[in-house]
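Architecture at a glance
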Amino acid sequence: MKNCYLARSRAVAARQIGEEMIIMSAADSTLFSLNPVAALIWQAADGQTPLARIVRDRICPEYEVEPEEALRDAEEFVAELAAHGILMIAESPILGSSPITVGTR
Amino acid sequence: MSLMEQLNRKALGLGVPLSVHLDVTYHCNERCEHCYLEHDGTNELTTAEIRNFLRQFADAGVFFLTISGGEPLLRRDCFEIIEFARELSFNVKLKTNAVLVREKEARRLREAGVEQVQVSVYSHKPEVHDAITKLPGSLSRTLAGIRCMRAEGLKVTLANVLMRNNAQDYAGVQALAAESGSHYTLDPTITPMLNGESSILSLRLPPEELRGVFHDERLVENVQDFCALPGPIDDEIREGIPCSAGHTSCYVSPWGDVYPCVQFPLVCGNLRETPFSEIWANSAQLIEVRSIRAKHLSTCSSCSHLGTCTRCPGLAFMEGNMRGPSSADCEKSYVRTGVVTAGMLAGHSGSARVSSGTALVQIQL
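Since the structure is predicted, the reported quantities are computational estimates derived from the model, not experimental observations.

1. Overview of the nonpolar core
Counting residues in each nonpolar core, the largest one holds 117 residues, and the members touching the most others are Ile-23 of chain A together with Phe-57, Val-62, Leu-65, Phe-90, Met-149 and Tyr-259 of chain B. Here this core gets six residues from one element, more than from any other, and that element is helix H2 (residues 47-60) of chain B. Setting aside residues no more than four positions away along its own chain, Phe-90 of chain B makes contact with Ala-13 of chain A together with Ala-58, Val-62, Phe-63, Leu-65 and Ala-85 of chain B. Residues Leu-297, Cys-300, Cys-303 and Ala-342 of chain B belong to the second largest nonpolar core, which totals seven residues.

2. Description of the packing of H2 of chain B against helix H3 (residues 78-87) of chain B
Residues and elements named next belong to chain B. At a minimum axis separation of 10 Å, H2 and H3 run at an interaxial angle of 20 degrees. Looking at the two axes, H2 sits roughly parallel to H3. In this structure, H2 meets H3 at a crossing whose hand is right-handed. Residue-level contacts link Thr-47, Ile-50, Arg-51 and Leu-54 of H2 to Glu-80, Ile-81, Phe-84 and Ala-85 of H3. Its residues assigned to classes, the contact of H2 with H3 comprises five nonpolar, one polar and two charged.

3. Things to note about the sheet that holds strand S2 (residues 12-17) of chain A
As a general point, the strands of a sheet are linked pairwise by backbone hydrogen bonds and lie either parallel or antiparallel. Residues and elements named next belong to chain A. Strand order in the open sheet formed by three strands is S2-S3-S4, and the pairing between neighbours is antiparallel. Each of the sheet's edge strands pairs with one partner strand only, and the pair in question is S2 and strand S4 (31-34). Ignoring which end each strand starts from, the neighbouring axes of this sheet average 20 degrees apart. Strand contacts of helix H1 (residues 36-44): S2, strand S3 (20-25) and S4, with the helix running at about 105 degrees to S4, the strand carrying the most contacts.

4. Comments concerning the pairing of strand S2 (residues 64-68) of chain B
Residue and element names in this part refer to chain B. S2 sits mainly inside the fold: four of its five residues count as buried. Pairing between strand S1 (residues 19-23) and S2: five bridges, direction parallel. The partner of His-21 across the bridge, within S2, is Thr-66. Regarding the hand of the β-α-β motif, the stretch spanning S1, H2 and S2 is right-handed. For S2 and strand S3 (residues 91-96), the ladder comprises four bridges, and the chain directions are parallel. Bridge assignment links Phe-64 to a residue of S3, and that residue is Asn-91.

5. Quick look at the sheet that holds strand S6 (residues 87-90) of chain A
All names here are of chain A. The antiparallel open sheet is built from three strands, whose spatial order is S5-S1-S6. With one partner strand each, in any of the chains shown, strand S5 (46-50) and S6 form the two edges of the open sheet. Direction aside, neighbouring strands of the sheet carry axes that sit 25 degrees apart on average. Packed on one face of the sheet, helix H3 (residues 67-83) meets strand S1 (5-8) and S6 and runs near 115 degrees to S6.

6. Section: H1 of chain A
Residues and elements named next belong to chain A. By the burial criterion, the buried members of H1 are Ala-38, Ala-39, Ile-41 and Trp-42. One side of H1 carries all its buried residues, which in axial view fall inside an arc of 160 degrees. The inward-facing, buried residues of H1 abut S1, S2, S3, S4, helix H2 (51-59) and H3.

7. Let's talk about the interface of chain B and chain A
Taken together, the 21 residues of chain B in the interface contact 18 residues of chain A. Breaking the side of chain B that touches chain A down by element, the ones donating at least two residues are helix H1 (3-14) and H2 of chain B. The residue inventory of the side of chain B that touches chain A, partitioned by class, reads 12 nonpolar, four polar and five charged.

8. Points about the confidence of the model for chain B
Residues and elements named next belong to chain B. Here chain B averages 92 in pLDDT, and 95% of its residues register 70 or above. Here residues 351-365 is a poorly scored stretch, pLDDT under 50, and it has 50 contacts once near neighbours within four places are set aside; other chains count. Among the scores for the predicted complex, ipTM is 0.83 and pTM is 0.90.

9. Some remarks on the packing of helix H5 (residues 126-133) of chain B against helix H6 (residues 138-151) of chain B
Residues and elements named next belong to chain B. Closest axis-to-axis distance for the H5/H6 pair is 8 Å, and the angle between their directions is 100 degrees. Between H5 and H6, the angle is such that the two are roughly perpendicular. Where H5 abuts H6, its residues Pro-126, His-129, Asp-130 and Thr-133 lie against Ser-138, Leu-139 and Ser-140.

Thresholds applied
- Residues numbered from 1 in each chain as written.
- Chains lettered and ligands numbered in written order.
- Predicted model: local features only at pLDDT ≥ 70, side-chain atom pairs only at ≥ 80, totals over all residues.
- Core = buried A, V, L, I, M, F, W, Y, C linked by C-beta atoms within 7 Å.
- Buried ≥ 20, exposed ≤ 12 C-beta atoms within 10 Å, placed from the backbone.
- Helix = DSSP H or I, 4+ residues; strand = E, 2+ residues; numbered from the N terminus.
- Contact = placed C-beta atoms within 7 Å.
- Axes fitted to C-alpha atoms, helices over the stretch in contact; angles between N-to-C directions.
- Parallel < 35°, antiparallel > 145°, perpendicular 65-115°, else oblique.
- Left-handed = near helix turned anticlockwise from the far one by under 90°.
- Nonpolar A, V, L, I, M, F, W, Y, C, P; charged D, E, K, R; others polar.
- Pairing = 2+ DSSP bridges.
- Right-handed = clockwise from strand over helix to strand, strands pointing away.
- Arc of directions from axis to C-beta.
- pLDDT = per-residue confidence, 0-100.

Given below as structure tokens:
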């Protein structure tokens, strides 16, 4: 996956509960629970930052993991969320993807 | 355990108010004869107040937000409220009679990302539905609104409150739901008005008709399980909480009063005076509600139905004791199973005390 840009779908609800991010798609009412690593990627999905940079700048410094391995895992994760319509993926920056506010608790 | 059950358990452990039911107005364009509200619309929350309180809910961890009324779409700022709630990333459910919904409104709800819309439909017959709502032409207008929402792909649930006047019509409403691709939920719940007035309880289904509903295989997926004799009671049941009210959910009135639940009119604080997080954490009323376990219930703790009864603490509260029985739920346990409840033996029979009994079983189909 080259130059992978991510943006959060506007048709989802999301909230951080403890260490987990919970997300529900309005399209099919499916509930997802993201672990802290996945939540980091979700929060960084602003449509402008490539996945590789998210992994390099946000994941690797936080967790002791090899960049290549982390990127492979991240690609699998974003592909899965994209299949559910939770994330949008494109090879160029995604215009008009405004960040949503996610309260934390 | 499903993800939703895990989420509820986690929220309970962390003390997070996962769900808030917000009535944005008590104004309504219908006058349903079983309605528990007075349609007084004075001094309701302003747009700015609601935006402020929605931010507070999000900060507290609220995820599920139900926007209801009255008829919420009577507020000119209703879409602004919904859209702001979505900006804050709530899962938004709207309860409306859909009388004011047409293509433009349906499109806006879909574009806002409303997760589901619940619409009250009482009968497939206009003369029955309109007589209940007291708004001529309301069934036709409601069904037109439902069609518009379905055309936009919105998930719609037809909520069918069942009472004496429409007791024979639930199959017709089910058919309307199927025709429109909507979900259907039946609710034989008639509650006292929030001001304590109880004359509307005479609309409740009599026990023999309720028995028929509970044993109808078109409504209940597994009648044998649903109507089974109560099972053994263990410590997990005795240590259990009655429901989510006040634990992971609460209600907010159009004036900012916070209750444990819309059916539990115990004022725990007011958002115009106290931040939501403070009310949620420190309200003496909420702390008391949270302290109650099944083993603490004055009559019900010795009842064989303790593990399966739908006892509503709010209805019990309206009968005078939040730790006491809810006579309507005693009646439901009895008509489901044929086994008399401890509450009935103690004189809390719903059928014997129509003035204070109510109904509270919801069958999700």
